[in-house]
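Topology and contacts: notes
Residues per chain, in single letters:
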Amino acid sequence: NNRYLDCSIKMPRLYVFAEDAIKTRVQTSISRGKVDVFVSIDSSKADSVSVSVNRPVADGYYAALTELRDAYVETVAADICQVLDLALADFSAMREREGQKLREDILSRAETIGRLTSFVEEQSPKTVSEYRARLEAKMRDVLQNTQIDESRILTEAAIFADKVAVDEETVRLRSHLSQLREMLELDVPVGRKLDFLIQEFNREANTIGSKCNDIETSKKVIDIKAEIEKIREQIQNLE
């Protein structure tokens, strides 16, 4: 649920030297999200180790400690990372199962948005036609027996049609739906790209909402925005 990778590691202080190796290993499998790694070390069955040092020789201490640093530290870090690999494999398998469910849910909502968009496209010409009929009726009522200027009605209707036209917005919205479907088929992390794409969804829906003048279309736009918000929430859980 994070925009980028935020990896937090909890482990015994004695083994903190392995933290960088663990973070590097996690980054190879996960690129996005809040990840908590808990490392516990069971040394109850470890072999007893006896260290013999020539006490009078200070260099002996230094040499022994240097050897421990170069050999022991790297070995322990490698052992921890080996166990980490198993945990990451299980984690990736779980994410794939959850990701498939999220994909199906998002695609289902995308289909709903497509159907609602079709309604808006079909309703738009009717809205213009109804406006022209109301305008003509109003002019007849006001002017009564006076000859109605047909050209004026046509001009007013054209101006209104231009104000409420949503063709460009619905075309772009359908294009975004197509991009969404294509991105969900990719076998690479797409969460961040989908974050940006869903912003474009909202932009088109808001513009359509500002142009619509009838109750039915307004209701459909609200439904579209509700589905977009649900998709946005789901995308936060995708890598």
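Now for a description of the structure that goes with this document. Just so it is clear, the model here is predicted, and its values are computed rather than measured.

**A look at the overall build of the protein**
Secondary structure assignment for the protein yields 6 helices and 2 strands. Residues counted as buried form 31% of the 239 residues belonging to the protein. Contacts spanning at least 24 positions in sequence make up 80% of the contacts within the protein whose residues lie at least 6 apart. Split by element, the accessible area of the protein, about 15800 Å² in all, is 51% carbon and sulfur.

**Digging into the nonpolar core**
Membership of the largest hydrophobic core comes to 26 residues, with the highest contact counts inside it found for Ile 113, Leu 180, Leu 194 and Phe 201. At the level of elements, α2 (58-143), α4 (167-185), α5 (191-211) and α6 (215-235) are the ones that each hand at least two residues to this core. Those residues within four positions of Ile 113 in sequence are excluded, and the remaining contacts are Leu 173, Leu 177, Phe 201, Ile 224, Glu 227, Ile 228 and Ile 231. In terms of nonpolar packing, the next biggest core, distinct from the first, is built from 16 residues, Ile 9, Met 11, Val 35 and Val 76 among them.

**Concerning the pairing of strand β1 (residues 5-10)**
In this sheet, strand β2 (residues 33-38) lies alongside β1 in parallel orientation, the contact comprising 6 bridges. Residue Lys 10 lies in a different strand from β2, and its bridge partner there is Phe 38.

**So, the pairing of β2**
The two faces of β2 differ: Gly 33, Val 35 and Val 37 on one face are buried, but Lys 34, Asp 36 and Phe 38 on the other face are not. Note that the unit made of β1, helix α1 (residues 19-27) and β2 has a crossover that is left-handed.

**A closer look at empty space enclosed by the protein**
Taking a probe equal in size to a water molecule and rolling it over the atoms shows the remaining empty space. What the rule picks out here adds up to 1 cavity of 30 Å³ or more. There is about 80 Å³ of room inside the largest cavity. The wall of the largest cavity is formed by 11 residues, among which Ser 124, Thr 127, Cys 212, Asp 214 and Thr 217 lie closest to the centre. No other element matches the 4 residues that α2 contributes to the lining of the largest cavity. In terms of residue class, the lining of the largest cavity is built from 4 nonpolar, 5 polar and 2 charged.

**Digging into the layout of surface pockets**
In this structure, the largest pocket encloses a volume near 850 Å³. Lining the largest pocket are 30 residues, and of these Arg 95, Glu 96, Gly 99, Leu 238 and Glu 239 lie nearest its centre. For the lining of the largest pocket, the secondary structure elements donating two or more residues are β2, α2 and α4. Among the elements that make up the lining of the largest pocket, the one with the highest residue count is α2 (10 residues). When its residues are assigned to classes, the lining of the largest pocket shows 12 nonpolar, 9 polar and 9 charged.

**Considering α6**
The end-to-end C-alpha separation of α6 is 30 Å, in line with the 30 Å expected for 21 residues at 1.5 Å each. For α6, the full list of buried residues reads Thr 217, Val 221, Ile 224, Glu 227, Ile 228, Ile 231, Gln 234 and Ile 235. The buried residues of α6 occupy an angular sector of 135° when projected down its axis, which confines them to one face. In α6, the exposed positions that point more than 90 degrees away from the buried face belong to Ile 215 and Ile 222.

**A word on the packing of α5 against α6**
Helix-helix packing: each pair is described by the crossing angle between the helix axes and the interaxial distance. Where α5 meets α6, the axes come as close as 10 Å, and the angle between the chain directions of the two elements is 170°. The orientation of α5 with respect to α6, classified from their angle, is roughly antiparallel. For the pair formed by α5 and α6, the contact residues are Gly 191, Leu 194, Asp 195, Ile 198, Phe 201, Asn 202, Ala 205, Asn 206, Ile 208 and Gly 209 on the first element and Val 221, Ile 224, Lys 225, Ile 228, Ile 231, Arg 232 and Ile 235 on the second. Of the residues contributing to the contact of α5 with α6, the split by class is 10 nonpolar, 4 polar and 3 charged.

**Thoughts on the pattern of salt bridges**
Should the charged atoms of two oppositely charged side chains come close, the side chains can pair. Per the counting criterion, the structure on display carries 18 salt bridges. Among the salt bridges present, the one from Arg 174 reaches Glu 121, with a minimum N-O distance of 3.0 Å. You can see Arg 174 sitting in helix α4 and its partner Glu 121 sitting in helix α2, a full 53 residues away along the chain. Relative accessible area serves as the criterion here: at 31%, Arg 174 is assigned to the partly exposed category. By relative accessible area, Glu 121 is classed as partly exposed at 30%. The network of salt bridges with shared partners includes Glu 168, Glu 169, Arg 172, Glu 204 and Lys 211.

Criteria and thresholds
Residues numbered from 1 in each chain as written. Predicted model: local features only at pLDDT ≥ 70, side-chain atom pairs only at ≥ 80, totals over all residues. Heavy atoms only, no water. Helix = DSSP H or I, 4+ residues; strand = E, 2+ residues; numbered from the N terminus. Buried < 20%, exposed > 50% of the residue type's maximum accessible area, 1.4 Å probe, protein only. Contact = heavy atoms within 4.5 Å. Areas by Shrake-Rupley, 256 points an atom, 1.4 Å probe, with all protein chains shown as cover. Core = buried A, V, L, I, M, F, W, Y, C linked by side-chain atoms within 4.5 Å. Pairing = 2+ DSSP bridges. Right-handed = clockwise from strand over helix to strand, strands pointing away. 1 Å grid on protein atoms, 1.4 Å probe; cavity = no way out; pocket = protein on both sides within 12 Å on 5 of 7 lines; lining within 4 Å. Points joined across faces, edges and corners; volume = space filled by probe spheres on them. Nonpolar A, V, L, I, M, F, W, Y, C, P; charged D, E, K, R; others polar. Expected span 1.5 Å × (residues − 1). Arc of directions from axis to C-beta. Axes fitted to C-alpha atoms, helices over the stretch in contact; angles between N-to-C directions. Parallel < 35°, antiparallel > 145°, perpendicular 65-115°, else oblique. Salt bridge = Lys/Arg side-chain N within 4 Å of Asp/Glu carboxyl O.

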